[in-house]
Amino acid sequence: LCRIKVICIGMNTYWKGIRMEIRNFQAYDVGNVYNEYKVKKEVCPLYSSITIEYPTRLNAMAIDPSGITENKNMHYSPGEVVFSTEIKIKVRITLNDEDKDVYVGENHNRISVVKHTCEIMRKALNYKGHFNVELVKLHNFRHCGLGSTGAIQASIGAGINYMFGNPIAQKNLVKYLAQNYGEEIDGDEEHLMPVQCIGGSAASGIYKGGVFVLAGESTVISRGTISEDYVIVLGIPKNYKCQDAKTQFEEEEKNIDKFKECGRLYRTQIAYNILHQFLPAVVHQDVKTMGDVIFDYRYNMGSIQNCSYTYEDMPQIMEELKFLKTEGLVDVLAISSVGPLVFAIGKDVTVCKKEFEKRNLNVYCTHINNDSFRILNETKI
């Protein structure tokens, strides 16, 4: 197939046959599919309406942080370790006989994400109809490290797939959603930012499990359960001001070389630690050893400092909290994604909560979610 270059100011976009490719971090049109997946057989909906409850994830660490520094047509391969939490969102999806999707809800800054997910699922399923989508319940932790946008996209994608009898296998759905991902731009319902997506939000609800290791092309290579005895403590700076994806990425872009260098220096050691320490720990439900590997990456390989562009006081806060892990008061201590959300996992978190509060953090407690998404109600056709 011939390749026709499309010249746009500030853009680097190509057509390969009829498939669009993107190699930069510029905004793109809602509904664009950069990495196709087509269900081979004809499918019809089995349900006219469902309500889905979907967990949100914590991104504890990367395996090769340099994997986020270049957009290779939405293929990102830094790998990651994620924990699934009991902080859940609720979404209602209904078949719509009209000629367009209908969004219902008060969270108007997420309309672009809803429209985009409906469109890419419609293309994958070759479905001509439309959907009503209502974001019934969201949490308030936006762009702080809890994967709120990923949970919205994954819940709608998983919900629509369920309505059609799950024709897209779990591993393919995680990859399809991750490699066609975008986040909202405030005040713009027709465009998304191609934020680096590894697949953790999708995996943490599509598969069962409380802890996941993803590698390569958004591929889950290990997952396991964690005892209900463990508590997750979340801390978010009280003075943190949320930014949309476009504004936040502009700051990340200034620091992108730090992630590239971190990967160059440490990816071999991180991969060794994941293979010989973290993966066995998943099998044996050894949360302390999981925390040791995460701690080494965050504290000893420059990760906290590299992510401090999201909140400049984060390195100081994390240094002051360091003793919680080194003295065995918690098993896991880290920031989630690039922060500024701080989290710890332990059985007795009394001291941890007090120390978080001393650092001017809003503190929330939750538990590990070991299950996949849950259908709350459904209406068959």
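Residues numbered from 1 in each chain as written. Predicted model: local features only at pLDDT ≥ 70, side-chain atom pairs only at ≥ 80, totals over all residues. Heavy atoms only, no water.

Where do I start with the overall build of the protein chain in this structure?
Across its full length, the protein chain holds eleven helices and 17 strands. Scaling as 2.2 N^0.38, a compact globule of 381 residues should have a C-alpha radius of gyration of about 21 Å, and the protein chain matches this with 20 Å. Judged by the C-alpha coordinates and their principal axes, the protein chain covers about 60 × 45 × 40 Å. Taking all 381 residues of the protein chain together, the buried fraction comes to 58%. Put simply, 76% of the contacts in the protein chain that link residues at least 6 apart link residues at least 24 apart. In the form shown here, the protein chain has an accessible surface area of approximately 16500 Å², with 47% of it arising from carbon and sulfur atoms. (Helix = DSSP H or I, 4+ residues; strand = E, 2+ residues; numbered from the N terminus. Rg over C-alpha atoms; globule rule 2.2 N^0.38 Å. Buried < 20%, exposed > 50% of the residue type's maximum accessible area, 1.4 Å probe, protein only. Contact = heavy atoms within 4.5 Å. Areas by Shrake-Rupley, 256 points an atom, 1.4 Å probe, with all protein chains shown as cover.)

Mind showing me how you'd approach the pairing of strand 11 (residues 211-215) here?
Working note: regular strand, side chains alternate between the two faces of the sheet. Taking burial as the measure, the five residues of strand 11 include four buried ones, the bulk of the element. Strand direction decides the pairing type here: strand 6 (residues 80-96) and strand 11, joined by four bridges, are antiparallel. Its bridge partner being in strand 11, Val 81 is matched across the sheet by Val 213. Where strand 11 lies against strand 12 (residues 219-224), five bridges are found, and the strand directions are antiparallel. Among the inter-strand pairings, Val 213 is bridged to a residue of strand 12, identified as Ser 222. Here strand 11 hands over to strand 12 after three residues, with Gly 216 in that stretch at a positive phi of 55°. (Pairing = 2+ DSSP bridges.)

Would you take a moment to explain the side chain of Gln 153 for this structure?
Within the secondary structure, Gln 153 is located in helix 2 (residues 148-163). Ignoring any residue separated from it by four or fewer positions in sequence, one finds Gln 153 in contact with Val 113, Thr 117, Ile 120, Leu 177, Asn 180 and Tyr 181.

Can you help me understand unusual backbone geometry in this one?
Peptide bonds are trans in most cases, and residues, glycine excluded, mostly fall at negative phi. A cis amide bond links Gly 339 with the next residue in sequence, Pro 340, at an omega value of 5°. Checked against the element boundaries, Pro 340 lands in the loop between strand 14 (332-335) and strand 15 (342-346). One non-glycine residue, Ser 218, adopts positive backbone phi at about 50°. Tracing the backbone shows Ser 218 in the loop between strand 11 and strand 12.

What's the story with the environment of Lys 38 in this structure? I'm lost.
In this structure, Lys 38 sits in the loop between strand 4 (28-29) and strand 5 (47-62). Remark: the alpha-carbon pair of Lys 38 and Arg 122, spanning 84 residues in sequence, is separated by 9.9 Å. Aside from chain neighbours lying at most four places away, what touches Lys 38 is Lys 123 and Ala 124. A polar contact of 2.9 Å, which involves the side chain of Lys 38, links it to the backbone oxygen of Lys 123. (Polar contact = N/O pair within 3.5 Å; in protein donor to acceptor, adjacent residues only side chain to side chain.)

What is the right way to read the sheet that holds strand 4 from this model?
By definition, the strands of a sheet pair up through backbone hydrogen bonds, in either a parallel or an antiparallel sense. A sheet is described by the order of its strands in space; here three strands give the open sequence 4-10-9, paired in antiparallel fashion. Edge strands, defined here as strands with exactly one partner in the open sheet, are strand 4 and strand 9 (183-185). The sheet contacts of helix 1 (residues 111-125) involve strand 4, strand 9 and strand 10 (188-193), and relative to strand 10 the element is tilted by about 75°. (Axes fitted to C-alpha atoms, helices over the stretch in contact; angles between N-to-C directions.)

So yeah, pure geometry; function would need other evidence.
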